[in-house]
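Coordinate inspection notes
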Amino acid sequence: MHKKLLIIMIASSCSNLWADQPDDLGEVTVTATRAEIKTKQAPSSVTIVTRQEIAQQGSDTVLDAIRGTPGVSLQGVGSGGRKTISLRGMESKHTLLLVDGKRLPASNDVIGPNTDYQYDWIPVEQIERIEVVRGPMSVLYGSDALGGVINIITRKPGEQWAGDAKLTSRSSTDDAGGDGHDAEFNLSGGVGDKLQLSIGGQQSRRSAVASQLDPRQSAIEGKEKQQLSLSADWQPAAGHTIKLEHSAGQENRWYNTVTRTNTPYQSSYDIDRQQTSLGWKGSLGKTVSSVRAYQSDVDIINHATAPGTATDPQKLQDTVVEGNTRFAIGDKHFITTGLEHRTERLENPKLTGGKADITLNSAYLQDEIEVSPRTHVTVGVRQDEHDIFGGETSPRVSIVHDVNDKLTLKASYGHGFRAPTIKQVSPGYAFQTGKILIKSNPDLQPETSDALELGANYTHGKLNLSAAVFDNKVNNLIDTRLDKTLAGGVQEWVYANTDTAKLRGAELSADVNVRNGLKLNTSYQYLDAKDGDGQRLDRRPRHTLSTGVEWEKHGWKTNLRAEHLADQIIASPTTGVMAAAPHYTLWNAGVRKAVNKHLEVGMGIENLTDVRLEEKSTVFRHEEYPRTLRLELKGNF
């Protein structure tokens, strides 16, 4: 029954709905070229997730908000059911996460392989939209952008004072756990005609979910978070803005687990996040320039009850100073150029002296060329200088051709890279667990990717279609290899550039505004991901399908969404043995209603069919929350 309903929704999305309505060409992106450009003309594949879509889905995290967008899948990383983002099969460490263009510290693989701390910096009520750019973007953003960039654009304060608040309650339909609440508020407005202020906050909690197979352990960790953000925008003169921002958050996580001798204990984490930014943006004629400095800190402390052993405390700090300028040369060339200085510092007791840092200096140049009114070529190059491994050059070239007002064709090539982490290259770093000793390697080279893409966008009346095929080769993947066996049988493993990977696939998406408030959407990705020996990579579903329907009438807003994943293999975290994972489908439904112009209520059911992955197979390395009832109350003033 569920599969039949899924097929009906997909067929409806792709039906021949050719109503004579104006084409919707209003969507723009600022991430693909570091300047506003229509997504249809962007040199990369871009998906925009709007504030309205986030609210309609009832998303409470960035991960939930972008689930179902083309090219996006989630990978389980163990440790309390944590999940990370994968773009076109690339690991989360290969996706750069930004907030208003500012990079967030990539905790995954820098602090540890089983972390997802980079996803909880921004409460969803502060998000205006999320831009998902797929494909290598190192030409503009440097290290970590092999798979793409996700840019979270926050809401901007207006001149008039306004505010809103939202209360959300979640209750699971059984006693396994997952109950919780979320309270968020935002307030912003002008002081005079040259200064705008804003403040936002969040307090949330969600209980851990017990394993159905072993109630002593947690399938999903519990979370409690407090966050506060402040910003000030000042216009000292026409065309000039100075912006000061600060955000701080405290999060506690906990989960029950067992030792290697099967003795239960609880592990908990205290996670402190801070980011402070000061920037200027100004224009003179058609030249727009900006300068910004910001610092981000993540502080992690682990606690473990007996007989567990806590991991070492760690602190990751990113300091960035950057500037860029955009100007035109004649009527056919639009130049973007910039400089960036970044220092990454990690404090860890096992580093020599207890801390280490690396520095990258970068320069980039991009030219958007209007070959003809219907053909645009974008070429760019970036040079990054790393104080340990040396330099890396990242080029990109793309062509976008409007066949007519409805059909646009795209072709692009891009190079991306990811620098080795501090632990991987810092001389003297070593970490031992049991009889395994892992050591750093200062001779590591960066991981690199070279990707080709062909795409098409078609818009006619109420129908929007997008399609793309991609071929991405990744070289110098960093992993550990056995170096030698020491006295007492201790194995010494060393970080090394050990492998390559090929990721090929296709994406297809369709959006249809039917009529009378009825909207249908579908996206599908086929992915063929293999290593250098031709073996399949784990946790990469061959088939990822998402479809949804939204209906609005008489003030009622309803939605039904489904996400289907099929044909994937998953490696055991202890033995490395691959096993096939069964396919599964997640269903979510919701309804919202405006009581008046200041108050809105909502209700939803998440995981409608109560899918429990650990009951389907023990190979899964994450879990989904059980069937949950969501109640919302939102007011504005």
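Coordinates for the structure precede this section.
All values reported here derive from a predicted model rather than from experimental measurement.

Rules used in this analysis
- Residues numbered from 1 in each chain as written.
- Predicted model: local features only at pLDDT ≥ 70, side-chain atom pairs only at ≥ 80, totals over all residues.
- Heavy atoms only, no water.
- Helix = DSSP H or I, 4+ residues; strand = E, 2+ residues; numbered from the N terminus.
- Rg over C-alpha atoms; globule rule 2.2 N^0.38 Å.
- Buried < 20%, exposed > 50% of the residue type's maximum accessible area, 1.4 Å probe, protein only.
- Areas by Shrake-Rupley, 256 points an atom, 1.4 Å probe, with all protein chains shown as cover.
- Lys, Arg positive; Asp, Glu negative; His and termini not counted.
- Charge placed at Lys NZ, Arg CZ, Asp CG, Glu CD.
- Phe/Tyr/Trp six-rings, centres within 6.5 Å; stacked < 30°, edge-to-face > 60°.
- Lys NZ or Arg CZ within 6 Å of the ring centre and 35° of its normal.
- Pairing = 2+ DSSP bridges.

Looking only at helices and strands, one finds six helices and 37 strands in the protein chain. Against the compact-globule benchmark of 26 Å for 637 residues, the protein chain has a radius of gyration of 24 Å, which places it among compact chains. Dimensions of the protein chain, computed from C-alpha atoms along their principal axes, come out at roughly 75 × 55 × 55 Å. Looking at the protein chain residue by residue over its 637 residues, the buried ones come to 52%. By element, 56% of the accessible surface of the protein chain is carried by carbon and sulfur atoms, the whole surface being about 27,200 Å². Averaged over its 73 positive side-chain charges, the protein chain has a centre that lies 2 Å from the centre of its 79 negative ones.

The subject of this paragraph is the packing of aromatic side chains. Taken as a whole, this structure holds two aromatic pairs when the rule is applied. Relative to Tyr269, the ring of Tyr117 lies with its centre 6.4 Å away and its plane at 50°, an arrangement referred to as tilted. On the criterion of sequence distance, the pair formed by Tyr117 in the loop between strand 7 (102–103) and strand 8 (127–134) and Tyr269 in strand 17 (residues 264–284) is long-range, its members being 152 residues apart. An angle of 85° between the planes, with centres 5.6 Å apart, marks the rings of Tyr584 and Phe620 as edge-to-face. A residue pair is termed long-range when its members are at least 10 positions apart, and Tyr584 in strand 35 (residues 584–596) and Phe620 in the loop between helix 6 (613–616) and strand 37 (628–636) qualify at 36 residues. Of the two residues examined, Tyr584 and Phe620, each falls in the buried class. Arg82 extends its terminal NZ or CZ atom over the ring of Tyr269, reaching a point 5.0 Å from the ring centre. Arg206 extends its terminal NZ or CZ atom over the ring of Tyr625, reaching a point 3.6 Å from the ring centre.

A few words now on the sheet that holds strand 8. Strands sit in the order 3-8-9-6-7 across an open sheet of five strands; the sheet is mixed. Of all strands in the sheet, those with a lone pairing partner are strand 3 (45–50) and strand 7, marking the two edges.

Without other data, these values stay purely geometric and don't point to any function.
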